Amino acid sequence: MLFSALVYGIFFPAVLAKVQFLGVAIAGGDFGCQIDGTCPPGSAQLPLSNGPAQMSHFVKDDGITLLRIPTSWQFLVNSQLGGDLDASNLAKYDQLVQSCLNTGAYCMIDIHNFARWNGQIIGQGGPTDEQFASFWGQLAGKYATNNKIVFELMNEPHDLDIGIWAQTCQKAVTAIREAGAASQMILLPGSNFDSAATLVSSGSADALFAVTNPDGSTDNLFLDIHKYLDVDNSGTHAACTTNNIDAFTNIAQYLRSKGRMGLISETGASSDASCMTAFCAQNSFINKNSDVFAGLVAWGAGSFSTSYVLSLTPSNQNGRLVDNALMKQCVLATWNSSDSDSETTLSPTSAMTSLTPTISSTTVLIITSTLLSTPTALLTASLSSRQSSSSSIKDPEPTINSNVLVLTDTLQDSTMATLALATGSPPLPSGLGGILTAQTDDPLPTTTLPSASATTSPASGAGSIEAEELILWGCMFIAALSLI
């Protein structure tokens, strides 16, 4: 776990530099839902006519990778609490889900009930945990074979006992996994409307991170996170009064300390000038902290008109869908521009509080940590310069071909597995990127060789590795993680 968190926290932000999942909510199935969990099925306005075209546009034209599709518990069981899924209403909702899946994107099922049914809290005086788990088991069973389905247990719980709610979520997670959905992502929502500002301080995050899969693992269990930018976090005001960076900094640090991930499944803003600045700043920050934030879903499109205060609904111009300025600048541009960012500023993990090295052209960093409580060690060595192998090019000065950042961890078979990141050609002729292996009985040596330039001390240096140089080796880390 320590090594996995270290790799995600250091390497993948530098390689990816943006969240994996960028999404948009295709709203309408939630229309009529109130915060007391009253959701009349007749009020739902599933965007069956324009939703598929919007989703196709978002995925094919914009590169969106995740679409959130709200609905309600009442709609899917036709107001029969504890009953089976209603075939007619489920077919309508599934029509939208299948349109989403046909785009190739991930599709999030969002139950928009605020942890309630007609005014009563689930598991706390209202519907029983067993009724909630049965509902989720039925729904998960329908989509169990599709790994692009994401289960959001509940939209914005509030005013409840978080300890009891976490137990309710545990039963729902168990039901989903036992229904055959063994590996799909599940989002765990906290109290106070799932606000990023209070998930940690309210104890929601701690309580929810006690939820596990039936095998005891926490694989693909993500903290669900929401946050708006207006004065009361309601998403009903045009003016933005915060960029939420303080809130997201706090939760990012928490997630790193726990070695866990979160996904922002709902955030939005208006096209007011204040929001064009604040919303863009927030989303840029989220993308730069992709080591702990897996995705960002903006609100909202679907059945919303283009005049809705938080609308991201594309307009139809001469037969083609066109995004508004808010979507272009603050959702798409902040994600796409992250591809070319050469620096990612991250708070270090608790196991590496002093590790902010500069990788100079002659510095090798070797970091070893072990699952056997051995203290983390930091070794440095200098590489000698090497001339380019091409005889047709004469360099005025020696050319340094590569730099290496090596992380090692002791595995159960007592073999030290080593990862290496190279910013140029591999420094050693054997092995991709200069992969080294050594038995734990033989300590890895520290060697200083002649160098053409001064090395930078890892303890005092600061900087980052350029993303475009590291992306060549991203596949190596994905493969290595599968061994952990």
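Residues numbered from 1 in each chain as written. Predicted model: local features only at pLDDT ≥ 70, side-chain atom pairs only at ≥ 80, totals over all residues. Heavy atoms only, no water.

### Observations concerning the overall build of the protein chain
Okay, so step 1: From N to C terminus, the protein chain includes twelve helices and 17 strands.
Okay, so step 2: Evaluated residue by residue, the protein chain yields a buried proportion of 51% over its 484 residues.
Okay, so step 3: When contacts within the protein chain are restricted to residue pairs at least 6 apart in sequence, long-range pairs at least 24 apart make up 76% of them.
Okay, so step 4: Accessible surface computed for the protein chain: about 19700 Å², of which carbon and sulfur atoms make up 52%. (Helix = DSSP H or I, 4+ residues; strand = E, 2+ residues; numbered from the N terminus. Buried < 20%, exposed > 50% of the residue type's maximum accessible area, 1.4 Å probe, protein only. Contact = heavy atoms within 4.5 Å. Areas by Shrake-Rupley, 256 points an atom, 1.4 Å probe, with all protein chains shown as cover.)

### Digging into the state of the cysteines
Okay, so step 1: Applying the stated criterion across every chain yields a total of four disulfides.
Okay, so step 2: Through a disulfide, cysteine 240 is tied to cysteine 275; the S-S separation comes to 2.0 Å. The disulfide joining cysteine 240 to cysteine 275 has a torsion of about 100° about its S-S bond and is therefore right-handed. Of this pair, cysteine 240 sits in the loop between β8 (221-226) and α8 (245-258) while cysteine 275 sits in helix α9 (residues 273-288), and the two are 35 residues apart along the sequence. Note on accessibility: cysteine 240 and cysteine 275 belong to one class, buried. (Disulfide = S-S within 2.5 Å.)

### Re the side chain of arginine 116
Okay, so step 1: Locating arginine 116 in the fold gives a position in strand β4 (residues 116-117).
Okay, so step 2: Despite its burial, arginine 116 remains without a salt bridge, the nearest opposite charge being carried by aspartate 159 at 4.8 Å.
Okay, so step 3: Reaching out from arginine 116, the side chain makes a polar contact with the backbone oxygen of phenylalanine 114 at a distance of 3.1 Å.
Okay, so step 4: Excluding its chain neighbours within four sequence positions, the residues that come into contact with arginine 116 are Ile35, Asp36, Gly37, Ile121, Ile122, His158 and Asp159. (Lys, Arg positive; Asp, Glu negative; His and termini not counted. Salt bridge = Lys/Arg side-chain N within 4 Å of Asp/Glu carboxyl O. Polar contact = N/O pair within 3.5 Å; in protein donor to acceptor, adjacent residues only side chain to side chain.)

### Concerning the pattern of salt bridges
Okay, so step 1: Applying the stated rule across the entire model yields seven salt bridges.
Okay, so step 2: Between glutamate 266 and arginine 68 there is a salt bridge, with its nearest N and O atoms 2.6 Å apart. Of this pair, glutamate 266 sits in strand β9 (residues 262-267) while arginine 68 sits in strand β2 (residues 66-71); the two residues are 198 residues apart in sequence, bridging distant segments of the chain. The exposure classification of glutamate 266 matches that of arginine 68, with both residues buried.
Okay, so step 3: Taken together, the salt bridges that share partners define one network made up of Arg68, Asp110, Glu152 and Glu266.

### Details of the sheet that holds β8
Okay, so step 1: With parallel pairing, the eight strands of this closed barrel are ordered in space as β1-β2-β3-β6-β7-β8-β9-β10. Strand after strand, the sheet turns through a mean of 30° between neighbouring axes, direction not considered.
Okay, so step 2: Examined bridge by bridge, strand β3 (residues 106-111) and strand β6 (residues 149-152) share four bridges and lie parallel to one another. In the strand pairing of β6, methionine 108 is matched with valine 150.
Okay, so step 3: Contacting β3 and β6, helix α5 (residues 129-142) crosses the sheet at an angle of about 160° to β3. (Pairing = 2+ DSSP bridges. Axes fitted to C-alpha atoms, helices over the stretch in contact; angles between N-to-C directions.)

### Remarks on the packing of aromatic side chains
Okay, so step 1: Counted under the stated rule, the structure contains 13 aromatic pairs.
Okay, so step 2: Measuring from ring centre to ring centre gives 5.7 Å for tryptophan 136 and phenylalanine 151, while their planes differ by 85°; the resulting arrangement is edge-to-face. In this pair, tryptophan 136 is assigned in helix α5 and phenylalanine 151 in strand β6, connecting sequence segments 15 residues apart. For the pair shown, tryptophan 136 and phenylalanine 151 are each scored as buried. (Phe/Tyr/Trp six-rings, centres within 6.5 Å; stacked < 30°, edge-to-face > 60°.)

### Description of the nonpolar core
Okay, so step 1: Of all hydrophobic cores here, the largest spans 91 residues; its most connected members are Trp136, Leu139, Trp165 and Phe293.
Okay, so step 2: Not counting the four nearest positions on each side in its chain, phenylalanine 293 is found in contact with Val19, Ile225, Phe248, Ile251, Ala252, Leu255, Met261, Gly262, Ile264 and Ile286.
Okay, so step 3: The next biggest cluster of nonpolar side chains, apart from the first, holds ten residues, and it includes Val150, Leu187, Phe222 and Val297. (Core = buried A, V, L, I, M, F, W, Y, C linked by side-chain atoms within 4.5 Å.)

### Description of the packing of α8 against α9
Each pair of packed helices can be summarised by the angle the axes make with each other and by the distance between the axes.
Okay, so step 1: Two elements in contact, α8 and α9, have axes whose closest approach is 10 Å; the angle formed by their N-to-C orientations is 15°. Classified by the angle between their axes, α8 and α9 sit roughly parallel to one another. At the point where α8 passes α9, the crossing takes the right-handed sense. Here Ile245, Phe248 and Thr249 of α8 come into contact with α9, specifically with Ala281, Gln282, Phe285 and Ile286. (Parallel < 35°, antiparallel > 145°, perpendicular 65-115°, else oblique. Left-handed = near helix turned anticlockwise from the far one by under 90°.)

### Considerations on helix α10 (residues 325-336)
Okay, so step 1: Here α10 has its buried residues at Leu326, Met327, Cys330, Val331, Leu332, Thr334 and Trp335. Considered in projection along α10, the buried side chains sweep an arc of 165° and stay on one side of the axis.
Okay, so step 2: The secondary structure elements touched by the buried residues of α10 are β1 (21-27), α2 (51-60), α9 and β10 (293-302).
Okay, so step 3: Its side-chain oxygen at 3.3 Å from the backbone nitrogen of leucine 326, asparagine 324 defines the N-terminal cap of α10. (Arc of directions from axis to C-beta.)

### Let's talk about the environment of threonine 212
Okay, so step 1: Following the sequence through the fold, threonine 212 ends up in the loop between α7 (204-208) and β8.
Okay, so step 2: Sequence spacing of threonine 212 and cysteine 169 is 43 residues, and the spatial spacing of their C-alpha atoms is 9.7 Å.
Okay, so step 3: Residue contacts for threonine 212: discarding those within four places in its chain leaves Gln170, Val173, Ser217, Thr218 and Leu221.

### So, the confidence of the model for the protein chain
Okay, so step 1: Taken as a whole, the protein chain shows an average pLDDT of 78; of its residues, 67% reach a score of 70 or greater.
Okay, so step 2: Every residue in residues 1-15 scores below 50 in pLDDT, and together they form 47 contacts with partners more than four places removed in sequence or on other chains.
Okay, so step 3: This stretch, residues 342-472, has a pLDDT under 50; its non-local contacts, to residues over four places away or in other chains, come to 238 contacts. (pLDDT = per-residue confidence, 0-100.)

### Regarding the pairing of β6
Okay, so step 1: Alternating residues of β6 divide into Ile149 and Phe151 and Val150 and Glu152, and every residue in both groups is buried.
Okay, so step 2: Note: β6 against strand β7 (residues 186-188), two bridges, orientation parallel. Of the residues in β7, the one forming a bridge with phenylalanine 151 is isoleucine 186.
Okay, so step 3: Viewed along the sheet, the connection from β6 through helix α6 (residues 162-178) into β7 turns out right-handed. (Right-handed = clockwise from strand over helix to strand, strands pointing away.)

### Description of the packing of α2 against helix α4 (residues 87-102)
Okay, so step 1: Taken N-terminus to C-terminus, the directions of α2 and α4 make an angle of 20°; their axes are 9 Å apart at the nearest point. For the element pair α2 / α4, the angle class is roughly parallel. Two packed elements cross with a definite hand, and for α2 against α4 that hand is right-handed. Touching Gly51, Pro52 and Met55 of α2 are Leu96, Ser99 and Cys100, all from α4.

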